[in-house]
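Here's the letter readout for the chains.
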Amino acid sequence: MIRHIFQLVWNKKRSNALLFLEIFFAFAILFLVLTWVTRNLRLFSTPLGFETENTWIVHLDFYDAEDTLAASATKVRLREELLALPQIEAASYGGDVSPFSGSTWSTNNDNNGFMIQTHLIFADEHYKDAARLKLVQGRWFDETDRDARYKPAVIIKKLFDESFEGRNLKDSVYTINGENKIVGVVDHYKYHGDFSPEYNVTFFYKPSSAIDMPNLHLLLAPGTPAAFEEEVNRIVADVTGMSDFTIEHLQKSRDLDARSVWVPMVSMLSICGFLVLNVALGLFGVLWYNISKRRAEVGLRRTLGASRTEVSLQFVGEIMIVSLLALLLGVIFAVQLPLMGVLEGEIEAYDYYVAMGVGAAFIIGLVLLCTFYPSQEAGRLQPAIVLHEE
Amino acid sequence: MIQLENITKVYQTKVIETTALDNINIEVPEGEFLSIMGPSGCGKSTLLNIMGMIDEPTTGQVKVAGKLVGNYHSKATARFRNEQLGFIFQSFHLINELSVIDNVELPLIYRKVSGKQRRQMAEAALTQVGLSNRMKHFPSQLSGGQKQRVAIARAIVGQPRIILADEPTGNLDSAMGNEIMDILMRLNQEQGTTIVMVTHDETMARKTHRLVRLFDGQQVS
Amino acid sequence: MLSSYFKLAIKVLGRHRFFTFISLFGISFTLMILMVTTSFLETELGSHPPLTEKDRMVLLPRLIMKQMVTDTTWSVDTTMLDGQPAYDSTFTVGKKRQNSYSSSSLSYSFLDRYMRDIPGAEAHSFFCADTQFDIFINGKKLNFKALYSDATYWEIFDFNFLAGRSFQPSEVERQVQVAVLSRKAAVDYFGTTEQVVGRSIEMDGKQLEVIGIVEQPSNSKDYVTSEVYLPLTLMSGSALTETGFHGPFTAVFLAGSPEARSTIVEAIRQKADRIPLPNPEDYNKLELMPATVIGLYAYYMMPVQDDPEGALQMFTLVAVGLMLLFILLPTLNLINLNISRAMERSAEIGVRKAFGAHSGSILAQLVFENVVLTFLGGILGWLFALALIYLVNDSQVLGDTQLQFNTAVFLYSLLICLVFGILSGLLPAYRMSKLHIVNAIKFNNL
């Protein structure tokens, strides 16, 4: 039977060539889009690691200050005044690199005898509470770190697993950014957004009063009304005497950042869906037509003793073989991407294989769906009637 | 009008070679009504197709209306067919999507004839076959005999000098067949159109000037 | 002849409703997406106010400082010579390598000192589009972007003024507290655009007099889109006096013609080599990154460092590639359907040929029929595209960008329809036109 169908497919290679091409390209497009979607969803599934709900960041700028001591004092006073408000649960100063801003500061070295590659974030002793970071080991920074001999650092679990697993953290000094002592490990910190890969991150301590810690993170009590922002604005303006600061709602920034991935992803998926639907309808139409052209053949086969199912199977089989061959070619091409490690770091082999599997399964399902009805119809033809028509 | 010299037609597939026509020599003088008879598969349709320049002989020479046929696919051949030849088929071959008058106009579309003139010529041709009252109908609304009369109108609308008819009465009952035959004979007599007709029907064939019989690709009389 | 083809085309479409539906579905959606894409590109990259003269502009958004070091490698080879090890040392001067790198927009003092006399530039303007203010009005927070510029900014960018005027050089010089608002900003702040000119807006601790209102740019670019436009002399702090090279400013130069842009680009690049660096031990190489409007657009989309022209090439390549890949499937599908459909009409083709149609006219007829089909699909696609554009603009998924469907897009769409129709009709039509008459008629199923 299979051999017979192969023969049929081969004999009609010219008309099957187009079908073959169509399936091949449909798979190619589906594979590329699904790879990208799988990657995004995989990244989306790991937690962000810090609070964005009810969090504001006041973006200040003290670099122009002539009297840095006075500016430091102002900073500390501003924090205290804000914290005194019942609506504000925690307040913390952070460095220039703030979440979702797209900026990065990174470093790498192998001075310790093993490779360390990490992004740097500067935070004060209050940041753990303000951002609700989750410690999995050790401690967060505290007052005593200001005068520590070796600058304390907190790393995220990914960096710990990659470079420090099994090493002694307590008593060793490592070179990360200068000589550092690792005092704690937090679980996640995906500050580039929900769809960003989890980069290695190391937090370094800087006191709240430092001039280069311009961003004031505020954690608000749940249910704080939006009008409260005007009060914060007024206090900041009064205390600092500045007017060119802005207040960022972190949740909004997070949503905006996520939307920049959701929008293209959903539109690509819809375009893909349309293309596939188009191919499916085309397949259905062509098959329908072919079967109506081959009524005589069906009649003859039935007369010669083929059962209904055999006739249906024959038609499904023909299209299926062409589709499988096209998919095979597609997979041969597709599998090169993970094998050659294309875009390694951004896209993992896992993404490629999932996309390949889902894409192929989807196309096979679609082909079955589109061939089922016309083939059933073919099986149902009455041999006597069809042959008489001829 | 039509001269066939040493015409042979061989159909070749990978496996076998079939000789459809074997060394045929026929001359059809201008104004003759010739019929060709023979059993199924004797090659009579092939012969007619070769006369109509829509099929190419394997060997031999075809001269139609004084023109030696060279390249069968050239624009000039298409043009020549358009101006000199008219075809009538057993199963009418009308275009279902077009109305009767549009079907009749078809050959004129491939000439430089204005729309108004086309219409006039098509009306004249339809009047000639007695269907002037059916111009706006569609083929599906006509009987077999009417369809064939439309096909004749289509064949004569361009005023060709030769009409080639492939079993024009084959799908019709005898009353309708006679009607068609009358139109063809009148055409031959009144306008001097040369007609070659392939037929199964002895009585139809006897009405024509001359009868050629084919058997297994050879001319037997 | 065409009218008869047209009649027939419509009849044929009516005969196989299901096939027609499938074909139209594919065509209309394909064309819809192509039209929306065209509209997007036209909105983003077309010549509209305030970027009508975009093809004559050169922007200078970035200054790069590098430290280049030359690698020197010592290597010692050990060879055995007469049973004794012998040492042979070589020293290689390697390639220049980049050690530190710093890239940012420019400072006012740098621009003022070095970029005022660029050959080929008819006009230039320096501006800072980097500041934001939170303004509270009636308990509502407004986040306003402020763009500080000189007076020539308004000559280079032809904003549509809904009311009032731009600020003058003398006003910039005298630090007059005036502001131009965007339409949206005026509505947000005053609740109307009527009689706003002459009223004042409180921002940055100042009372600014509104002297003009401009229409929003339809294509959002950070160097023209803003809520408030102010004279640059109103900037606070040391923004104008700071002597470092990096700062918040961007420069724009206007060339006499699109071709003359290359003179400006070349002049800026050459100038970079002649400017002495303040701290040669930190950075010893200065580069300036001039860019055309389109080059800069591509630069923000593509991961190409400091090379807008390279980015533009990459962008074009990616865009054309994606487009082709996208058109490929619907085209293949339509060809497939057309072949099935055309086969059915082989007898008709045979008859036409017997009555004197040559291959060329059959080809023309079938392609024409497909073009008719494509245009029907095009009309549907156009309606869908209008609906989609409305939805996109309404929901603001593209931010401030408001897609337009203007004459240019319409003409492009016509062209797209035609190309798509011919492309997908040609192969099936060619096959049919080459059919042998005798075989064609034998199909016998008119």
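Residues numbered from 1 in each chain as written. Chains lettered and ligands numbered in written order. Predicted model: local features only at pLDDT ≥ 70, side-chain atom pairs only at ≥ 80, totals over all residues.

Per an unreviewed UniProt entry, chain C goes by the name ABC transporter permease and belongs to Phaeodactylibacter xiamenensis. Per UniProt, chain C carries the Subcellular location (unreviewed entry) text "Cell membrane". (UniProt positions renumbered as here; feature names shortened; annotations may be inferred.)

With an unreviewed UniProt entry as reference, chain B is termed Macrolide ABC transporter ATP-binding protein, source organism Phaeodactylibacter xiamenensis. What the UniProt record of chain B gives under Sequence similarities (unreviewed entry) is the line "Belongs to the ABC transporter superfamily. Macrolide exporter (TC 3.A.1.122) family."

So, about the overall build of chain B. Counting its secondary structure elements, chain B contains seven helices and 10 strands. For 221 residues, the compact-globule formula gives about 17 Å, and the C-alpha radius of gyration of chain B, at 17 Å, lands near that figure. Overall size of chain B, expressed as C-alpha extent along the three principal axes, is 50 × 40 × 35 Å. Expressed as a percentage of the 221 residues in chain B, the buried residues total 48%. (Helix = DSSP H or I, 4+ residues; strand = E, 2+ residues; numbered from the N terminus. Rg over C-alpha atoms; globule rule 2.2 N^0.38 Å. Buried ≥ 20, exposed ≤ 12 C-beta atoms within 10 Å, placed from the backbone.)

Ala26(A), Phe27(A), Val104(B) and Ala153(B) are the most contacted members of the largest nonpolar core, which totals 151 residues. Once you skip the residues sitting within four places of it in the chain, Val104(B) turns out to touch Ala122(B), Ala125(B), Leu126(B), Val150(B), Ala153(B), Arg154(B) and Val157(B). In terms of nonpolar packing, the next biggest core, distinct from the first, is built from 74 residues, Val180(C), Leu230(C), Leu296(C) and Tyr299(C) among them. (Core = buried A, V, L, I, M, F, W, Y, C linked by C-beta atoms within 7 Å. Contact = placed C-beta atoms within 7 Å.)

Contacts between the two partners involve 27 residues from chain A, matched on the other side by 31 residues from chain C. Among the secondary structure elements, those contributing two or more residues to the side of chain A that touches chain C are α2 (13–44), α6 (228–240), β11 (246–249) and α7 (250–293) of chain A. A per-element tally of the side of chain A that touches chain C places α7(A) first, with 11 residues.

The next subject is the packing of α2(A) against helix α9 (residues 308–343) of chain C. At a minimum axis distance of 10 Å, the contact between α2(A) and α9(C) shows a crossing angle of 155°. In terms of orientation, α2(A) lies roughly antiparallel with respect to α9(C). Crossing of α2(A) against α9(C): the hand is left-handed. On α9(C), the residues touching Leu18(A), Leu19(A), Leu21(A), Glu22(A), Phe25(A), Ala26(A) and Ile29(A) of α2(A) are Leu325(C), Leu328(C), Leu329(C), Leu332(C), Asn333(C), Ile335(C) and Asn336(C). Across the contact of α2(A) with α9(C), the residue classes tally to 11 nonpolar, two polar and one charged. (Axes fitted to C-alpha atoms, helices over the stretch in contact; angles between N-to-C directions. Parallel < 35°, antiparallel > 145°, perpendicular 65-115°, else oblique. Left-handed = near helix turned anticlockwise from the far one by under 90°. Nonpolar A, V, L, I, M, F, W, Y, C, P; charged D, E, K, R; others polar.)

Within this structure's numbering, the places UniProt gives as "domain: ABC3 transporter permease C-terminal" (unreviewed entry) are residues 322–436 of chain C. For residues 322–436 of chain C, helix accounts for 83% and strand for 0%, while the C-alpha atoms at its two ends are 39 Å apart.

Looking now at the interface of chain B and chain C. Taken residue by residue, the interface counts 24 residues in chain B and 23 residues in chain C. Secondary-structure elements contributing two or more residues to the side of chain B that touches chain C are α2 (75–84) and α3 (100–109) of chain B. In terms of residue count, the dominant contributor to the side of chain B that touches chain C is α2(B) (five residues). A class-by-class count of the residues in the side of chain B that touches chain C yields 11 nonpolar, seven polar and six charged.

Packed helices, taken two at a time, are described by the angle their axes make and the gap between the axes. All names here are of chain C. Where helix α2 (residues 17–45) contacts α9, the axes come no closer than 10 Å and their chain directions differ by 160°. As the angle between them shows, α2 and α9 are arranged roughly antiparallel. Considering how the two elements wind past one another, α2 and α9 form a crossing that is left-handed. Residue-level inspection shows Phe-19, Ile-22, Ser-23, Gly-26, Ile-27 and Thr-30 of α2 in contact with α9, the latter providing Ile-327, Pro-330, Asn-333, Leu-334, Leu-337 and Arg-341.

The top pair by number of contacts, from a total of two pairs of chains in contact, is chains A and C. Here chain A and chain B are not in contact; the least distance found between their C-alpha atoms is 14 Å.

So, on to the pairing of strand β2 (residues 17–28) of chain B. Residues and elements named next belong to chain B. Where strand β1 (residues 2–12) and β2 come together, eight bridges link them in antiparallel fashion. From the neighbouring strand, Gln-3 faces β2, where its bridge partner is Glu-27. The antiparallel hairpin formed by β1 and β2 contains four residues in its connecting segment. (Pairing = 2+ DSSP bridges.)

As a further point, take the environment of Glu83(B). All names here are of chain B. When you line up the elements, Glu-83 lands in helix α2. With 16 C-beta atoms counted inside 10 Å, the residue Glu-83 sits in the partly exposed group. Here Glu-83 is in contact with Gly-158 and Pro-160, once residues within four sequence places are set aside.

This part covers the sheet that holds strand β5 (residues 67–68) of chain B. Sheets are built from strands that pair by backbone hydrogen bonding, the pairs being arranged parallel or antiparallel. All names here are of chain B. What the four strands build is an open sheet, ordered β2-β1-β4-β5; its pairing is antiparallel. Only two strands of the sheet have a single neighbouring strand rather than two, namely β2 and β5. Examined bridge by bridge, strand β4 (residues 59–64) and β5 share two bridges and lie antiparallel to one another. Within the sheet, the bridge partner assigned to Val-64 lies in β5 and is Lys-67.

For the rest of this paragraph, the subject is the sheet that holds strand β8 (residues 194–199) of chain B. Residues and elements named next belong to chain B. An order of β6-β7-β8-β3-β9-β10 is seen for the six strands of this open sheet, with the pairing classed as mixed. What marks the edges here is a single partner per strand, and that holds for β6 (85–88) and β10 (218–219). Relative to strand β9 (residues 210–215), strand β3 (residues 33–37) is paired through four bridges, and the arrangement is parallel. The partner of Ser-35 across the bridge, within β9, is Leu-211. The sheet contacts of helix α5 (residues 144–156) involve β6 and β7 (162–166), and relative to β6 the element is tilted by about 170°.

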